[in-house]
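Breakdown of the fold
Here is how the chains run, residue by residue.
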Amino acid sequence: MLAENLKHVEERILKACERAGRSRDEVTLIAVSKTKPVEMLQEAYDLGVRVFGENKPQEMRDKMPQLPQDIRWHMIGHLQRNKIKYIIGKAEMIHSVDSLKLAEAISQEAEKHGRTIPVLIEVNVAGEESKFGVSPGETEELIRRIAPLPGLTVRGLMTIAPYVEDQELNRPVFRELRKLSVDIASKNIDNVCMCELSMGMTGDYETAIEEGATFVRVGTGIFGARSYDI
Ligand SMILES: *Cc1c(COP(=O)(O)O)cnc(C)c1O
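Throughout what follows, the structure given in this document is the object of discussion.

Rules used in this analysis
Residues numbered from 1 in each chain as written. Predicted model: local features only at pLDDT ≥ 70, side-chain atom pairs only at ≥ 80, totals over all residues. Heavy atoms only, no water. Helix = DSSP H or I, 4+ residues; strand = E, 2+ residues; numbered from the N terminus. Rg over C-alpha atoms; globule rule 2.2 N^0.38 Å. Contact = heavy atoms within 4.5 Å. Areas by Shrake-Rupley, 256 points an atom, 1.4 Å probe, with all protein chains shown as cover. Lys, Arg positive; Asp, Glu negative; His and termini not counted. Charge placed at Lys NZ, Arg CZ, Asp CG, Glu CD. Buried < 20%, exposed > 50% of the residue type's maximum accessible area, 1.4 Å probe, protein only. Polar contact = N/O pair within 3.5 Å; in protein donor to acceptor, adjacent residues only side chain to side chain. Disulfide = S-S within 2.5 Å. Pairing = 2+ DSSP bridges. Right-handed = clockwise from strand over helix to strand, strands pointing away. Salt bridge = Lys/Arg side-chain N within 4 Å of Asp/Glu carboxyl O. Near = heavy atom within 4 Å. Nonpolar A, V, L, I, M, F, W, Y, C, P; charged D, E, K, R; others polar. Arc of directions from axis to C-beta.

Looking only at helices and strands, one finds eight helices and eight strands in the protein. In terms of C-alpha radius of gyration, the protein reaches 17 Å, essentially the compact-globule figure of 17 Å for 230 residues. The dimensions of the protein, computed from C-alpha atoms along their principal axes, are 45 × 40 × 35 Å. Look at the contacts in the protein between residues 6 or more apart in sequence, and 60% of them connect residues 24 or more apart. Just so you have it, the protein exposes about 11100 Å², and 48% of that area is on carbon and sulfur atoms. Charged side chains of the protein number 31 positive and 36 negative; the gap between the two group centres comes to 3 Å.

Now for the side chain of Ser 96. Looking at the element boundaries, Ser 96 is found in strand 4 (residues 93-97). Judged by relative accessible area, which is 0%, Ser 96 ranks as buried. From its side chain, Ser 96 meets the backbone oxygen of Gly 77 in a polar contact 2.6 Å long. The contact partners of Ser 96, leaving out residues within four places of it in the chain, are Met 75, Ile 76, Gly 77, His 78, Leu 102, Leu 120 and Glu 122.

Let us now look at the state of the cysteines. The tally for this structure, following the rule as stated, stands at one disulfide. Bridging Cys 193 to Cys 195, the disulfide has an S-S length of 1.6 Å. Under the relative-accessibility criterion, Cys 195 is labelled partly exposed at 40%. Cys 17 carries a free sulfur, and the closest cysteine sulfur to it, the one in Cys 195, is 18 Å from it. Judged by relative accessible area, Cys 17 falls into the buried class, the value being 1%.

Counting buried residues in strand 6 (residues 152-158) gives six out of seven residues, a clear majority hidden from the surface. When strand 5 (residues 117-122) meets strand 6, the two strands line up parallel, connected through six bridges. Looking at strand 6, one finds that Val 119 is bridged to Val 154. Regarding topology, helix 5 (residues 136-146) serves as the crossover connection from strand 5 to the parallel strand 6, and that connection is right-handed. The pairing of strand 6 with strand 7 (residues 192-198) spans four bridges and is classified as parallel. Counted as the bridge partner of Met 158 is Ser 198 from strand 7. Each parallel crossover has a hand, and the one from strand 6 via helix 6 (residues 171-185) to strand 7 is right-handed.

As a further point, take the pattern of salt bridges. A full pass over the atoms with the stated rule returns 21 salt bridges. When the shortest N-O distance is used, the salt bridge between Glu 92 and Arg 72 registers 3.1 Å. With Glu 92 in the loop between strand 3 (72-75) and strand 4 and Arg 72 in strand 3, this pair connects stretches of sequence that are 20 residues apart. In the salt-bridge network here, residues are joined through shared partners; they are Arg 19, Glu 168, Arg 171, Arg 175, Glu 210 and Glu 211.

Another point: the site of the ligand. The immediate surroundings of the ligand are formed by Val 32, Lys 34, Ile 76, Ile 160, Met 201, Thr 202, Arg 217, Val 218, Gly 219, Thr 220 and Arg 226. Interatomic distance of 2.8 Å between a side-chain N/O atom of Arg 217 and a nitrogen atom of the ligand. The protein chains hide 89% of the 390 Å² of surface that the ligand would expose on its own. Residue composition of the shell around the ligand, grouped by class: five nonpolar, three polar and three charged.

Further remarks concern helix 2 (residues 38-46). For helix 2, the full list of buried residues reads Val 38, Met 40, Leu 41, Ala 44 and Tyr 45. Projected onto a plane normal to the axis of helix 2, the buried residues spread over an arc of 155° and lie on a single side. Turned more than 90 degrees away from the buried face of helix 2 sit Glu 39 and Asp 46, all of them exposed. Where the residues of helix 2 are buried, they touch helix 1 (2-20), strand 2 (51-54), helix 3 (57-63), strand 3 and helix 8 (220-223). Just past helix 2, the residue Gly 48 takes up positive phi, approximately 110°.

Structural data, given as structure tokens:
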């Protein structure tokens, strides 16, 4: 099942890149493995997957030592400040920074470890009440405050688009994130690069790629449905 799923996702990524006139290597597929057992991650690894995404710090920390060392781990979920210690020096990137307080806590923990961690700013483009993320209008100001902090560097923006049946409906969301990133890039803020756009999940990654995603986060489409009662 995993092999077929991966092949299917890979084909669709490639086609979306072709439609958008983009090169396949501009897009990194993050295999979102939350709630899945390490055996399944190992199977994906054996099929060539090297980039995994988790949304809980402890789960990431617990899985890491059970799997090959060359895996690149991305923290994609909402982070509580007291959990940062589990992933600093281990996660390659944190996709979900949405407040100055969280950024300051990451900065402090990273400094303790003598690290600089790349982060993305999570933007709640669609303004959904249930979602974390800073509003588009407040994003630049937040980035200006985070930029001077040691121990982290802002590398771009991330969004979680609404759940939709027809991914076309999320195109305006992805467009807006991209436009925001271009606007902020034009301000040339020190220590800030708008290099990455983390957008697109199982239901909408093709549209996200057409609109400029550099990271797509695909869980269900690779590993199958999740049961949350484990
Ligand atoms: C779970 C999760 C995903 C993957 O969702 P799927 O719909 O299963 O592809 C992507 N991004 C974030 C932040 C998630 O928490």
